[in-house]
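Listed below, chain by chain, are the residues.
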Amino acid sequence: IEGGEIELVRNSLTQHTAHAAACAIALDQRNALRIEDSQAICRLASSEEPNALSIALEILQRHPEWSDAAAPWLEEQFLQGNDARLRAIAPILARWSNQTSVQQLVHKWLGQASSKSDGQQSCLMQTLVGCADRPLPESWAEPLARWIDAVDAVDGDHPLADVGAKLQLGSNGQVVAQ
């Protein structure tokens, strides 16, 4: 892709799914994707076509600077997505955990976690485990502790018990995944 052709390719992001996915790859390889393209990539990530979905999710993970623009899409996927979609967004949430918009979403969801579906709870657990190499955002500590306490009171065999065993309070007061 050369100079003026980049805009032609960018305009094709709204085309048929397979064509848009190919254009997304081409733009990504040229480091030519912009924040304005995030909505087209999110649409691809909502696709039922497995290759387009995989390409879009991979691209999204590499662009945490898109977190504000992608936050509505992430929320829609979390609230309305099926288990496969929830599994697909967990790595993005973990990778983007240092982004304010994602911290706010996950904080809200952790605060409501005990009333969420099994798939949504699993997504949150996968997000936490995906952050194992760094401290969890401070804002997640309180709702996470409440969720663990709620689960312990109701169901000692809940999968969160395994996650709770992998978490500890760090010397700086932050929850740290081990």
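Just so it is clear, the model here is predicted, and its values are computed rather than measured. (Residues numbered from 1 in each chain as written. Predicted model: local features only at pLDDT ≥ 70, side-chain atom pairs only at ≥ 80, totals over all residues. Heavy atoms only, no water.)

Trainee: Looking at this model, I keep getting lost on the side chain of serine 12. Mind explaining?
Mentor: With respect to the element layout, serine 12 can be found in the loop between helix H1 (5-11) and helix H2 (17-29). Setting aside its immediate chain neighbours within four residues, serine 12 contacts His19, Ala20 and Cys23. (Helix = DSSP H or I, 4+ residues; strand = E, 2+ residues; numbered from the N terminus. Contact = heavy atoms within 4.5 Å.)

Trainee: Looking at this model, I keep getting lost on the nonpolar core. Mind explaining?
Mentor: If you look at soluble globular proteins, the nonpolar side chains tend to sit buried side by side. Counting residues in each nonpolar core, the largest one holds 52 residues, and the members touching the most others are Ile41, Leu60, Trp73, Leu74 and Trp147. Per-element tally for this core: the top contributor is helix H6 (residues 83-95), with seven residues. When sequence neighbours within four positions are dropped, the list of residues in contact with leucine 74 reads Ile89, Ile92, Leu93, Trp96, Val102, Leu105 and Trp109. (Core = buried A, V, L, I, M, F, W, Y, C linked by side-chain atoms within 4.5 Å. Buried < 20%, exposed > 50% of the residue type's maximum accessible area, 1.4 Å probe, protein only.)

Trainee: How should I be thinking about helix H5 (residues 67-80) in this particular structure?
Mentor: Turn by turn, an α-helix covers 3.6 residues, leaving residues three or four places apart pointing in a common direction. The end-to-end C-alpha distance of H5 is 19 Å, a good match for the 20 Å that 14 residues give at a rise of 1.5 Å each. For H5, the principal kink sits at tryptophan 73 and spans about 30 degrees. Every buried residue of H5 is listed here: Ser67, Ala70, Ala71, Trp73, Leu74, Gln77 and Phe78. Against the buried residues of H5 lie helix H3 (38-45), helix H4 (50-61), H6, helix H7 (100-111) and helix H8 (118-130). (Expected span 1.5 Å × (residues − 1). Bend = angle between axes of the 7 residues up to and from the residue.)

Trainee: So what exactly am I meant to see when it comes to the packing of H5 against H7 here?
Mentor: Axes are the key here: two packed helices are described by the angle between their axes and the distance separating the axes. One way to put it is that H5 packs onto H7 with a least axis distance of 9 Å and a crossing angle of 25 degrees. Our classification of the angle between H5 and H7 gives roughly parallel. When you trace H5 past H7, the crossing you get is right-handed. Of the residues in H7, those touching H5 at Ser67, Asp68, Ala71, Leu74, Glu75, Phe78 and Leu79 are Ser101, Val102, Leu105, Lys108 and Trp109. Partitioned by chemical class, the residues of the contact of H5 with H7 number seven nonpolar, two polar and three charged. (Axes fitted to C-alpha atoms, helices over the stretch in contact; angles between N-to-C directions. Parallel < 35°, antiparallel > 145°, perpendicular 65-115°, else oblique. Left-handed = near helix turned anticlockwise from the far one by under 90°. Nonpolar A, V, L, I, M, F, W, Y, C, P; charged D, E, K, R; others polar.)

Trainee: What should I look at first to understand the pattern of salt bridges in this one?
Mentor: Summed over all chains, the structure comprises 10 salt bridges. Arginine 62 is the salt-bridge partner of aspartate 28, the closest N and O atoms lying 2.0 Å from each other. Highlighted residues: aspartate 28 in helix H2 and arginine 62 in the loop between H4 and H5, separated in sequence by 34 residues. Arginine 62 gets classed as partly exposed once you look at its relative accessible area, which sits at 37%. Residue arginine 62 is joined to glutamate 58 by a salt bridge in which the shortest nitrogen-to-oxygen separation is 3.0 Å. Take glutamate 58: its relative accessible area is 46%, and that puts it in the partly exposed class. (Salt bridge = Lys/Arg side-chain N within 4 Å of Asp/Glu carboxyl O.)

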